Structures are given as C-alpha cells and as structure tokens.
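Chain residues, written in single-letter form:
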Amino acid sequence: MNILMALSQLEITGAEVYATTIGNTLTNRGHNIHYVSDTLTKSHEGKFHKLNFNKRSIIHRLYHLIYLLFLIKKHNIQLVHAHSRASSWICHIACKLSSIPMITTIHGYQPVHWSRKVFYAIGDKALTICEAVHEQLIHDLKIPPNYLQISRNGIEIEKFSWQVAPNNKKPIISIIGRLTGEKGRVYYNLLNKHLNLEKYHIQLISSSTLKEPFSKISSKISFLGYLEDIVPILAHSDLVIGSGRVAIESLLCGRPTLAIGEAGLVGLIDETNIDQAMITNFGDIYSKTIINKNLSDIKNQIKKGLDNKYCLKSIRNQIKQNYNLYNIVNQVEKNYQTLYMEKLLKKTPIIMYHRFIQNNNEKGVHGTYLHVDMLEKHFKLLKWMGFESLTFEDLANIEFIRHLNIIKPVKRYIIITVDDGYEDNYHLLLPLLKKYNFKAIIYTVTGEKINRWDTEVTTCPEIPIPLMTNKQLKTISNSGYIEIGGHTLTHPRLNTLNFEQQQYEIEKNKIYLEALLDKKLTSFAYPYGTYNQDSENIIKEVGYKFAVITNEQSLNTNINFYQIPRIAIFPRTTIFGLWRKLH
C-alpha cells in the first residue's frame with residue numbers, strides 16, 4: 001500500500017520515533033511509506049515531504065490542504081496515518097475529499113474543551129498508545145469505544161539487549177527527553193531543586209536546544225544533544241530518568257529507571273508499579289490513579305535506584321511482551337487492511353448468480369438461472385468497463401493488501417458470487433472464468449445432492465438440479481479461479497432455527513468443506529439472505545471473516561463485514577440491465 005505518515009513537530013518527539021519505527025518496518029514488508037511534517041530527524045526509509053503544519057493561519061492551512069491533495073494524487077496514497085493534532089485536522093479534510101481512509105494515533109492527553117464531534121471526525125480509527133489516553137477519550141470526549149484501540153509503542157527489542165552494569169566512581173544519572181513544554185518544566189525542577197549536581201554526574205540527552213532556564217545550570221551538567229544510538233548511554237548510566245519510549249528502552253537494557261514525565265512521577269519502576277506505569281506511558285499521560293507531581297520523595301527514589309545495579313528481569317520480560325515491534329506492526333497493518341477493505345467494498349459491486357443453463361427446458365420455475373450466452377455477454381461487458389475481479393480470500397490476504405495498487409493506477413474491482421454450488425457451475429461457469437480471467441466465489445451447500453430446499457416446496461416446487469460432486473468441488477477449488485464459501489448443510493432459513501440448529505448447519509458445513517478442500521474458508525452466504533444476531537455471532541465464532549446477504553443496499557453505507565450486500569442477477573438481466581445495476 002501507499003501510506004502517508006503525517007506529523008507536526010519542530011523537534012524530535014515520541015510520535016516521530018513511533019511513526020518512523022513502524023514506517024521502516026512497513027517498508028520492509030513491502031509497503032511504500034511517505035512522510036509529511038515540519039521536520040523529520042529520525043532515520044527513515046520513505047520519502048520526506050516538508051510541510052510547516054505549525055503555521056496555522058487560514059492561508060497556511062489552505063496551502064497545507066492543497067499540498068496534501070497534491071501528494072495523495074501524485075503518489076496514489078491509499079491511506080493516511082496521522083500522529084499529531086495539527087496534521088490530523090487537515091489530513092481529515094484531505095482524506096474526505098480524496099475518499100481514502102485515515103487512521104490517527106493519539107500520543108497524549110487531549111484538551112477536554114474540544115468539540116467531541118469534530119474530534120471524532122478526524123479519521124476512521126484512532127489508536128491510543130496507552131490505557132490512560134484510551135480512557136480519557138472515552139470518558140472526557142465521549143468517543144465510542146469501538147472507534148478506539150490500544151496500540152503501544154513498538155520497540156525493536158533486539159536493539160536493546162541486557163547491559164552489564166557500569167562501574168562508575170561517580171554515579172552517572174542520564175535524563176533523556178524533551179526540554180520544552182511541561183516535560184521541560186518538570187526536568188528543570190528536578191535538576192534545580194532535587195538533584196545534587198555535585199554528587200552525581202548528570203547527563204542531559206535531548207533534541208531540544210539548551211536554552212533558558214537550562215542554560216543557567218549548563219556548567220554543572222553534560223549536555224549531549226540528540227543521539228541516534230542511545231544504547232551506549234544507557235549502558236554506562238547508573239540510573240536513567242525519563243518517560244515513554246525512553247523508560248521502555250532503558251528497562252529493556254536492564255537499567256534502573258525512574259519514570260517521570262509531563263504528567264507526573266511514577267517512581268522507580270519495579271513489580272509494584274509496572275502496570276500503572278504502562279497505563280500512563282511511564283508518566284507522560286494524565287491518569288487520576290497515578291498523577292503525582294510532588295517530587296518531595298524523589299531523593300529517596302534516586303538513592304534506591306542507584307543502590308540497584310539492574311531492574312528486575314521480570315520487568316524486562318513484561319516490557320518485551322507488551323512492546324514488541326513485530327506484534328505492534330501486525331496490529332497496525334491489520335487496521336490498515338480493515339480500513340482499506342471498508343473503503344474498497346463501498347465502491348466495489350458484488351453481483352450474485354445461482355445457476356446457468358444452455359437450453360430453455362432447463363429454466364425451471366424460479367428466477368435463479370441465467371443462460372450461459374448471457375453470462376458471457378456479462379463478462380464481456382465487465383472487461384469492457386475495465387473491471388478486475390476480487391475474492392474475499394484476496395481481501396483477507398495481507399500480502400495482497402500490501403501490494404495493492406502500489407505501482408498501477410487505482411483499478412475498478414468487482415466481486416462475482418454464485419450461490420448453492422450447482423453442477424452447471426463446474427461445466428459452464430468455470431470455462432468462462434478461465435476465458436476472461438475472472439475469479440468467482442461459489443457458496444456451497446454440502447448436505448444435499450440436489451436442490452431439495454426448492455423441490456419440496458409444495459406451492460411452487462422447482463425442478464431437481466444436481467449439485468457439484470466432491471471431485472468437482474476439489475477440481476474447481478484448485479483451479480485458481482474459484483473461492484469456495486460456506487452456505488450451510490441443507491439451505492434452511494436460519495432465522496427460523498434456534499441457536500443450536502443454526503450452529504450445526506453452519507459449523508458442520510464449514511468443517512466438511514475445509515476437510516474436503518484442505519484449506520480454510522473465508523466467507524459465508526446466508527441462505528435466502530435471512531439471518532438474525534445468532535447467525536452473525538456463529539459466523540464470527542467459527543472463523544469466517546466475511547458474510548454476504550442478498551438484498552441490494554446503498555454502497556455508501558457503513559460496511560459490516562458480516563452483512564455485505566449484493567446485487568441480484570435475474571434471467572432477464574441483459575447487458576444493459578447489468579450496466580445499470582453496476583451504476
């Protein structure tokens with residue numbers, strides 16, 4: 001995918017490290033990453049586009065919008081991932097105008113006076129780096145919980161190995177972080193009032209410039225500026241003071257770590273406070289349960305930290321479990337995939353066939369057939385209109401999503417579905433799919449040999465029509481042109497059955513097909529398009545990722561992956577009729 005990471009900053013921040021660390025990993029996975037920000041200090045593999053988001057006049061914001069629209073069009077951007085308030089507002093408008101999805105990572109506490117409706121409109125999904133941010137958005141800004149997901153800082157664990165404790169004659173205390181804003185005030189207060197600058201060797205590591213009030217004490221401390229590789233500093237420190245990623249990386253190296261940030265003092269990290277520390281991103285995010293800006297006990301905390309050579313290994317193991325970059329990027333990438341699928345399905349027509357005939361005596365009673373000659377005309381029309389076919393297996397395949405449209409211009413997609421699994425699908429549909437290089441999904445009934453659900457209808461019984469044999473199902477599944485989906489054992493109206501009956505119909509059908517075809521099923525079609533909440537719950541529980549219904553709905557409505565609408569094709573659907581339905 002082509003992804004735009006949007007930040008707004010004048011110095012390096014945790015948001016930039018988060019964005020570039022995840023972005024570099026996504027690049028290695030095959031995505032094409034672009035960055036847009038005021039500055040970008042951290043090393044990155046994608047292309048950087050400078051844009052001064054910090055200039056917020058109306059003229060500047062209009063320019064920002066125009067430039068973002070230009071970038072989206074020029075680089076075929078398929079999703080925007082914003083990481084700051086200033087960039088997210090403009091990105092939201094640009095994404096709306098471009099009809100592409102947007103995701104926002106919230107890195108800090110949000111002012112509660114904002115309009116919650118406006119805030120909710122900044123993207124399709126919001127990731128929060130810790131529970132404190134997550135809960136604040138829900139309780140103070142009334143953001144719906146289903147819109148939010150916790151996605152912690154992704155750390156390259158292998159780069160921060162356990163370090164042997166130093167043997168310094170004079171204890172080295174390293175303070176790492178921004179020197180601006182509230183965090184800068186906290187660190188200056190710590191240096192000016194609570195740390196003995198003669199007793200300890202104090203190192204200050206920051207991308208901020210050393211200016212007032214820190215310049216007053218510059219002769220008593222070592223200011224090292226910004227360092228790309230922080231591990232040597234951590235290795236030679238007797239105690240590390242910081243918050244957010246700094247604290248996480250320090251603990252991974254085994255260093256005693258005092259977590260203090262712009263929100264408050266967490267303290268020396270041990271088994272008693274590690275859970276609370278993670279909740280507040282190690283002191284950076286406000287939390288009513290832990291907020292404490294009183295530094296009166298800080299001297300005891302420092303002494304305790306210096307008395308310890310290492311943090312507990314159990315703490316390091318807990319950090320590894322919760323901040324592993326591989327797992328975090330998997331989570332982020334899954335969100336990209338879901339959001340892109342939602343946007344794609346909104347503009348992708350899904351057409352529904354049942355069976356195909358060659359002669360008029362095969363018509364039967366119900367209008368679920370189409371002459372094979374008309375089917376070929378349909379395929380010719382789809383080719384002429386520039387459609388390429390998708391299956392739900394494609395959409396569930398992260399490799400497919402990674403490389404979707406990176407080089408080629410945006411394509412037009414269609415999903416072709418066929419219900420019930422009639423034998424004519426094997427004889428008549430498959431050859432045409434091969435001829436026109438289309439793929440289709442066949443939703444298959446497995447507990448019947450013929451369409452007994454139609455033939456036993458007393459008011460208007462259908463003619464018997466054979467379903468595919470096991471051998472035909474295996475052949476058609478292995479052809480590369482067909483995805484097989486579930487469609488129950490006996491084609492009942494699911495909403496007339498109790499939970500256990502529905503579960504039996506759905507689960508046994510899936511188990512049978514997966515054993516026969518030696519592959520997992522991805523999607524399901526409700527017989528007759530009828531279902532209830534039990535049906536949907538069972539579909540999710542047995543492992544389906546998508547389910548389709550039969551009634552046509554507006555393609556602009558929100559997509560529920562378990563209630564995806566389709567366009568029904570009837571015997572009299574001519575090529576003009578299909579063209580009209582597709583529009």
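Refer to the preceding data block for the structure.
Starting afresh in each chain, residues are numbered from 1 along the sequence in its written order. Selection of residues for local features in this predicted model requires a pLDDT of at least 70, selection of side-chain atom pairs for listing and counting requires 80 or more, and totals for whole chains, interfaces and linings are taken over all residues. To obtain the side-chain values, all non-hydrogen atoms of the structure were used and water was disregarded.

1. Re helix 18 (residues 470–477)
Buried within helix 18 we find Q472, L473, I476 and S477. Angularly, the buried residues of helix 18 cover 130° about the axis, an arc narrow enough to put them on a single face. Two residues qualify as a contact provided that any one of their heavy atoms is within 4.5 Å of a heavy atom in the partner residue. In DSSP terms, a helix is any run of H or I states spanning at least four residues, a strand is any run of E spanning at least two, and both are numbered starting from the N terminus. On its buried side, helix 18 packs onto helix 16 (423–436), strand 19 (440–444), strand 20 (482–486) and helix 19 (499–517). Relative accessibility decides the category of a residue: with a 1.4 Å probe and only protein chains considered, values under 20% of the type maximum give buried, values over 50% give exposed, and everything between is partly exposed. To be clear, the arc concerns the directions from the helix axis to the C-beta atoms.

2. Focus on the environment of T25
Summarising the element assignment, T25 is placed in helix 1 (residues 14–28). T25 gets classed as buried once you look at its relative accessible area, which sits at 17%. In contact with T25, other than residues within four places in its own chain, are L325 and V329.

3. A short note on empty space enclosed by the protein
Remark: the empty space left among the atoms is shown by a probe the size of a water molecule rolled over them. Two kinds of site are reported from a 1 Å grid over the protein atoms alone, namely cavities, where a 1.4 Å probe fits but cannot get out, and pockets, open sets with protein on both sides within 12 Å along at least five of seven lines, and residues are called lining when an atom falls within 4 Å of a point. Grid points are joined across faces, edges and corners, and a volume is the space filled by probe spheres set on the points. According to the stated counting rule, one finds 3 cavities of 30 Å³ or more in the structure shown. Quantified by volume, the largest cavity comes out at close to 50 Å³. The wall of the largest cavity is formed by F53, K55, R56, R61, H64, A86, W89 and I90. Secondary structure elements with two or more residues in the lining of the largest cavity: helix 2 (58–74) and helix 3 (85–98). Side-chain classes follow a simple rule in which Ala, Val, Leu, Ile, Met, Phe, Trp, Tyr, Cys and Pro form the nonpolar group, Asp, Glu, Lys and Arg form the charged group, and the remainder, Gly included, forms the polar group. Residue composition of the lining of the largest cavity, by class: 4 nonpolar, 1 polar and 3 charged.

4. Considerations on the pairing of strand 9 (residues 201–205)
Extensive coverage of strand 9 is indicated by the burial of 4 of its 5 residues. A strand pair is defined by DSSP finding two or more bridges across the two strands. Direction of pairing for strand 8 (residues 172–176) relative to strand 9: parallel, over a ladder of 5 bridges. The residue of strand 9 that forms the bridge with I173 is I202. Judged from the 3 bridges that link them, strand 9 and strand 10 (residues 222–225) form a sheet pairing that is parallel. Paired with I205 across the strands is G225, a residue of strand 10.

5. Overview of the sheet that holds strand 10
Here we have 6 strands laid out as an open sheet, ordered 10-9-8-11-12-13, and mixed in their pairing. Since the sheet does not close on itself, it has two edges, and those belong to strand 10 and strand 13 (265–268), each with one partner. The average undirected angle you get between the axes of adjacent strands in this sheet is 15°. Looking at chain direction, strand 11 (residues 239–242) and strand 12 (residues 257–260) are connected through 3 bridges and run parallel. Angles run from 0 to 180 degrees between N-to-C directions of axes, and those axes are lines fitted to C-alpha atoms, restricted for helices to the stretch in contact.

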